[in-house]
Every structure is written in structure tokens, then in C-alpha cells.
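Secondary and tertiary structure notes
Single-letter residue listing:
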Amino acid sequence: MFYHDYLRLFLFMNPSGDARLRRIMAVIEKNTGVSLIDRQTYVEGTAETSANLIFVPQIANTLNLVGALDGQSEDGRFVFKSDAHFSY
């Protein structure tokens, strides 16, 4: 990744206000000579976490089958996995 890629990623992940957003865009455009209006950005991320099962693992599997939980049980733990895709 290059400098402008890091700035674009920062801009994408921290859009806390219009003035700040415009300033970051101006810095990116000045340093790279590329108009952000003509470019696209795509970010993909995956997070996985697990929790100890308090109840019988079969209950967690049943709740997963009916859609109440989204994950799977492994070795006495319930594993949650989430994917996120963002673009602008």
C-alpha cells in the first residue's frame, strides 16, 4: 500500500465530520494528484470471537439451526464470525 492508500483507508474508517472529511480529501488529492471523485474504495474485514458455553452445546446448536444464533459450537465454545464489506 502507498501513502495515499493509507489516507483513503483512514478517511473511510474515521468520517467524524464534514469539515474534517473535506480537509482529508484535499490533502489526499494534493499529495497524490488524483481526484477522489474519480476513484472508488472498497474495504473488507472479518472478525471472529468465541464464548464459553454455559449450557449444553446441543442447545446452542439448536438455536443456531433456528436462526436465533449465528455461529457454531467447537470444543465447548460458541464461535461467532462476522464479515463486513464497505465501499464508496
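Located above this text is the structure these notes cover.
Residues numbered from 1 in each chain as written. Predicted model: local features only at pLDDT ≥ 70, side-chain atom pairs only at ≥ 80, totals over all residues. Heavy atoms only, no water.

The strands that make up a sheet pair up through hydrogen bonds in the backbone, lying either parallel or antiparallel. In spatial order, the strands read β1-β3-β2; together these 3 strands make up an open sheet with antiparallel pairing. At either end of the open sheet lies a strand with only one pairing partner, and these are β1 (42-52) and β2 (71-74). Looking at each pair of strands side by side, their axes are set apart by 25 degrees on average, direction ignored. (Pairing = 2+ DSSP bridges. Helix = DSSP H or I, 4+ residues; strand = E, 2+ residues; numbered from the N terminus. Axes fitted to C-alpha atoms, helices over the stretch in contact; angles between N-to-C directions.)

Turning next to the environment of G33. Looking at where G33 falls in the secondary structure, it is placed in the loop between α2 (18-32) and β1. Each C-alpha atom of the pair G33 and I59 lies 57 Å from the other, and the pair is 26 residues apart in sequence.

On inspection of all chains with the given rule, the structure shows 1 aromatic pair. Geometrically, the ring pair formed by F78 and F80 is edge-to-face, given 4.9 Å between the ring centres and 65 degrees between the ring planes. Using a relative accessible area of 30% as the deciding quantity, one classes F80 as partly exposed. (Phe/Tyr/Trp six-rings, centres within 6.5 Å; stacked < 30°, edge-to-face > 60°. Buried < 20%, exposed > 50% of the residue type's maximum accessible area, 1.4 Å probe, protein only.)

Moving on, we come to the environment of R77. Relative to the helices and strands, R77 is located in strand β3 (residues 77-87). Separated by 51 residues in the primary sequence, R77 and A26 have C-alpha atoms spaced 48 Å apart. At 2.3 Å, the side chain of R77 forms a polar contact with the side chain of N52. (Polar contact = N/O pair within 3.5 Å; in protein donor to acceptor, adjacent residues only side chain to side chain.)

Moving on to the pairing of β2. Where a strand is regular, its side chains alternate between the two sheet faces. Bridging between β2 and β3 involves 4 bridges; their strand directions are antiparallel. Looking at β3, one finds that Q72 is bridged to V79. As consecutive antiparallel partners, β2 and β3 are separated by 2 residues, and within that stretch D75 has a phi angle of approximately 50 degrees, a positive value.

By themselves, these are just geometric observations and shouldn't be taken as functional.
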